[in-house]
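One letter stands for each residue in the lines below.
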Amino acid sequence: MPLIDAQDIEISHGATRAVFGVSLSIEAGEIVTIVGPNGSGKSTLLRALIGAIPVSKGAIKRAPNLRVGYVPQKLHVDPTLPMTVRRFLNLPRRVGGQAVRSALARTGVQDLEKRQISKLSGGQLQRVLLARAILNDPQVLVLDEATQGLDQPGSADFYHLIEALRDEIGCAVLMVSHELHVVMSATDRVICLNGHICCEGTPAVVTATEAYRELFGTGTGGALALYRHDHDHAHSDGEACAHDHNHPHEHEAAE
Amino acid sequence: MSDLLDDFMVRAILAAVGTALACGALGCFVVWRRMAYFGDATAHAAILGVALALLFSVSIPLGVLIVALAMGLLVGALSSTTTTPDSLLGVLSHGALAIGLVAVSLMPNARVDLDSYLFGDILVVSKVDLLVIWGGAAVVCAVLAWRWQALLAEILSNDLAYASGLNPRRDRMLLTLLIAAVVAVSIKVVGALLITAMLIIPAAAARLIARGPEGMAVWATVIGVVAAVGGLYGAREFGTPAGPSIICFATAIFCLASAFGQFRRA
């Protein structure tokens, strides 16, 4: 039985349909990356899958008592709220100092335990959020634009970390990325979303050729992979489609 | 004990301390969630509550509670559908106050001392009022303690809260209810115009001292209690109105805490 199973869902913000006709399921242990341009409904879909927003059509089934570790795109901590990293990791369930320290150590930020959370840098906060997400031994780790604001080595490090955590915990990973063609290489499935699912596939492993090295920089240690796809397709059912299928394909320039 | 409660000053102090206890921790949530204007709208609606309570001959705290709650729910429902609730809150807040003032003035043959509801009238607090205030404070504190972890998680991120299986929508309703309850129990002490001050000022002062949310709640309560007692004695000493005197004392503590915060950072 899949951990999360969405059948033909539609999500509307008022009169506009952000996501429509989407069916997808997440199996235990697999890594799924949802890519799509800005405004394609990726984050909306993710939030619906964790139950934060309702769907206007269709249904989302989650496995009973599903443990979700969620890493949001950003976390705005109001400066009026005093909160240390340690206290933050004890929300909403108190887990104790030992569990907090071990989770922070696993994401490489054990020295931040006593810092005020509103004073952390973006990269530090990201790892603290990840530490928080793995506290409850999640069955599925859900990450929204986790590498936004990180440079390429930074993204590669982060993906290595995610992969290591996945291997350790055995959880599924569902992540969203605005990078259309570069995904975490351990990804089992890539779903390209632009309101609806445009295509699905597996990423090609980055080869060692000169062109790819130029494109991905050096020192990424094989964490990144290419997802090759293009959207010159026509809708077979003849339904009018308002979105632009031809988003820029940066990788083609490098080939 | 009952002899002691016959002393109006003792009753006044107990009423003020009870109000401070009800406002301390809840005030932190008002600050954290930026609900100051929301608190104003709810408190201003209380005057309409007074008018309606007199009209239907129900107890005034009950009338205030119902109208304040209705206002809270209305604001909650409206602010989730619009992107600029600030001006909307202004309309509701001042509209409710004006309607309340007009309604009170229209009350047939009821001689209402409007000042006592706008600014509080702590020196005429009865034993029943004390029961309402302390009962209300106990309920507010108990509910906050019960939902503390969830409420904190929800301030940080609704999505995180949902992912953890919480229900932020329900807890937001709960906060609305608690604010309405605090308005109902504090109107006698500080009056409708200064209830928000009683919520916000001790919490804002506590923020300058505390390093964690629990510390901030405790400090806000302590500061509120000190301001309540100090303000009352100041009012007796200088013959000034009690409610505003309490708020003045709290504001002075805020300034001190602010100076202390600057000093510590330097």
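The structure we're discussing is the one just above.
Here the residue index of a chain counts from 1 through its sequence in written order. Working convention: letters from A go to chains and numbers from 1 go to ligands, in the order in which they are written. With pLDDT at 70 or above as the cut-off, local features in this predicted model cover only qualifying residues; side-chain atom pairs require 80 or more to be listed or tallied, and sums for whole chains, interfaces and linings still use all residues. With hydrogens and water set aside, each side-chain value is computed from the structure's full complement of heavy atoms.

Points about the overall build of chain A
Then, number 1: A count of helical and extended segments in chain A gives seven helices and twelve strands.
Then, number 2: Buried means the residue's accessible area, taken with a 1.4 Å probe over protein chains only, is under 20% of the maximum for its type, while exposed means over 50%, and partly exposed covers the values in between. Burial status across chain A gives 53% buried among its 255 residues.
Then, number 3: Per-residue and other accessible areas follow the Shrake-Rupley method at a 1.4 Å probe size, with only the shown protein chains counted as cover for residues. Accessible area of chain A: about 11,200 Å², with a carbon and sulfur share of 49%. Secondary structure is summarised from DSSP: a helix means a run of H or I of at least four residues, a strand means a run of E of at least two, and numbering begins at the N terminus for each.

Some remarks on the sheet that holds strand β1 (residues 4–13) of chain A
Residues and elements named next belong to chain A.
Then, number 1: Taken together, three strands build an open sheet; the order of strands is β2-β1-β4 and the sheet is antiparallel. Edge positions in the sheet fall to β2 (16–26) and β4 (57–62), since each of these pairs with one other strand and no more. With direction set aside, neighbouring strand axes in the sheet form an average angle of 25°.
Then, number 2: We treat two strands as partners when DSSP finds at least two bridges between them. Where β1 lies against β4, five bridges are found, and the strand directions are antiparallel. Note on β4: the bridge partner recorded for E10 is K57.
Then, number 3: Each of β1, β2 and β4 is contacted by helix α1 (residues 42–49), which is oriented at about 125° to β1, the strand it contacts most. Only the stretch in contact is used when fitting a helix axis, every axis being a line fitted to C-alpha atoms; angles between N-to-C directions are given from 0 to 180 degrees. By the convention used here, residues are in contact when the closest approach between their heavy atoms is within 4.5 Å.

What to know about α1 of chain A
Residue and element names in this part refer to chain A.
Then, number 1: Burial analysis of α1 places six of its eight residues in the buried class, the great majority of the element.
Then, number 2: Those residues of α1 that sit buried are K42, T44, L45, L46, A48 and L49.
Then, number 3: Where α1 terminates, the next one or two residues include G51, which has phi positive at roughly 90°.

A look at the pattern of salt bridges
Then, number 1: Throughout this description, the term salt bridge denotes a Lys or Arg side-chain nitrogen within 4 Å of a carboxyl oxygen of Asp or Glu. Under the definition given, this model contains 14 salt bridges over all chains.
Then, number 2: Here E30 of chain A and R189 of chain A are joined by a salt bridge, their closest N and O atoms 2.9 Å apart. In this pair, E30 of chain A sits in the loop between β2 and β3 (31–35) while R189 of chain A sits in strand β9 (residues 189–194), placing the two residues 159 residues apart along the sequence.
Then, number 3: For R47 of chain A, the salt bridge identified is with D159 of chain B, shortest N-O distance 2.8 Å. Taken as a pair, R47 of chain A in helix α1 and D159 of chain B in helix α8 (residues 158–163) lie in two separate chains rather than in one.
Then, number 4: Overlapping salt bridges, with partners in common, bring together E10, R17 and K57 of chain A in one network.

With respect to the packing of helix α10 (residues 195–207) of chain B against helix α11 (residues 213–238) of chain B
All names here are of chain B.
Then, number 1: At a minimum axis separation of 8 Å, α10 and α11 run at an interaxial angle of 120°. Here α10 lies oblique to α11, going by the angle between them. Crossing angle aside, the handedness with which α10 passes α11 is right-handed. Taken together, the residues of α11 that come into contact with α10 (itself represented by M198, P202, A203, A205, A206 and R207) are M216, W219, A220, I223 and G224.
Then, number 2: Here the term charged refers only to Asp, Glu, Lys and Arg, the term nonpolar to Ala, Val, Leu, Ile, Met, Phe, Trp, Tyr, Cys and Pro, and the term polar to all other amino acids, Gly among them. Residues that form the contact of α10 with α11 fall into these classes: nine nonpolar, one polar and one charged. Should an angle lie under 35 degrees it is considered roughly parallel, over 145 roughly antiparallel, and from 65 to 115 roughly perpendicular; all remaining angles are considered oblique. If you view the pair so one helix is near and one far, a crossing is left-handed when the near helix is turned anticlockwise from the far one by less than a right angle, and right-handed when it is turned clockwise.

A few points about the environment of D111 of chain A
Then, number 1: Tracing the chain through its elements places D111 of chain A in the loop between α3 (97–106) and α4 (122–133).
Then, number 2: As for D111 of chain A and R101 of chain A, which are separated by ten residues in sequence, their C-alpha atoms are 9.0 Å apart.

Quick look at the pairing of β3 of chain A
All names here are of chain A.
Then, number 1: By the criterion of burial, β3 is predominantly enclosed, with five of the five residues buried.
Then, number 2: Residues I31, T33 and V35 of β3 are buried on one face, and the alternating residues V32 and I34, pointing to the opposite face, are buried as well.
Then, number 3: Summarising the sheet, β3 and strand β7 (residues 172–177) pair through five bridges and their orientation is parallel. Looking across to β7, one finds that T33 is bridged to M175.
Then, number 4: Relative to β9, β3 is paired through four bridges, and the arrangement is parallel. Opposite V32, over in β9, you have R189 as the bridge partner.

A short note on the side chain of R166 of chain A
Residue and element names in this part refer to chain A.
Then, number 1: Mapped onto the elements of the fold, R166 is located in helix α5 (residues 152–169).
Then, number 2: The definition of a polar contact used here is a pair of N or O atoms within 3.5 Å, where within protein one atom must be able to donate a hydrogen and the other to accept one, and adjacent residues in sequence count solely through side-chain atom pairs. A distance of 3.2 Å separates polar atoms of two side chains, one belonging to R166 and the other to D167.
Then, number 3: Residues in contact with R166, not counting those within four places in the same chain, are G29, E30, I31, C171, V173 and D188.

Remarks on the pairing of β1 of chain A
Then, number 1: Pairing of β1 of chain A with β2 of chain A involves seven bridges; the strand directions are antiparallel. Paired with I11 of chain A across the bridge in β2 of chain A is V19 of chain A.

Examining the interface of chain B and chain A
Then, number 1: The interface is formed by 24 residues belonging to chain B together with 28 residues belonging to chain A.
Then, number 2: Two parts placed together each lose some accessible area under a 1.4 Å probe, and adding up what both lose gives the buried area. Together, the buried faces of chain B and chain A total about 2,300 Å²; carbon and sulfur atoms form 56% of this surface.
Then, number 3: Its largest share of buried area at the contact with chain A, chain B owes to Q149, L156 and L160 of chain B, together 30% of the area lost on that side.
Then, number 4: Summed over the shared surface of chain B and chain A, the number is three salt bridges.
Then, number 5: A salt bridge links E214 of chain B to R87 of chain A; the nearest nitrogen and oxygen atoms lie 2.5 Å apart.
Then, number 6: Put simply, chain B and chain A have twelve residue pairs in polar contact (both at pLDDT 80 or more) between them.

By themselves, these are just geometric observations and shouldn't be taken as functional.
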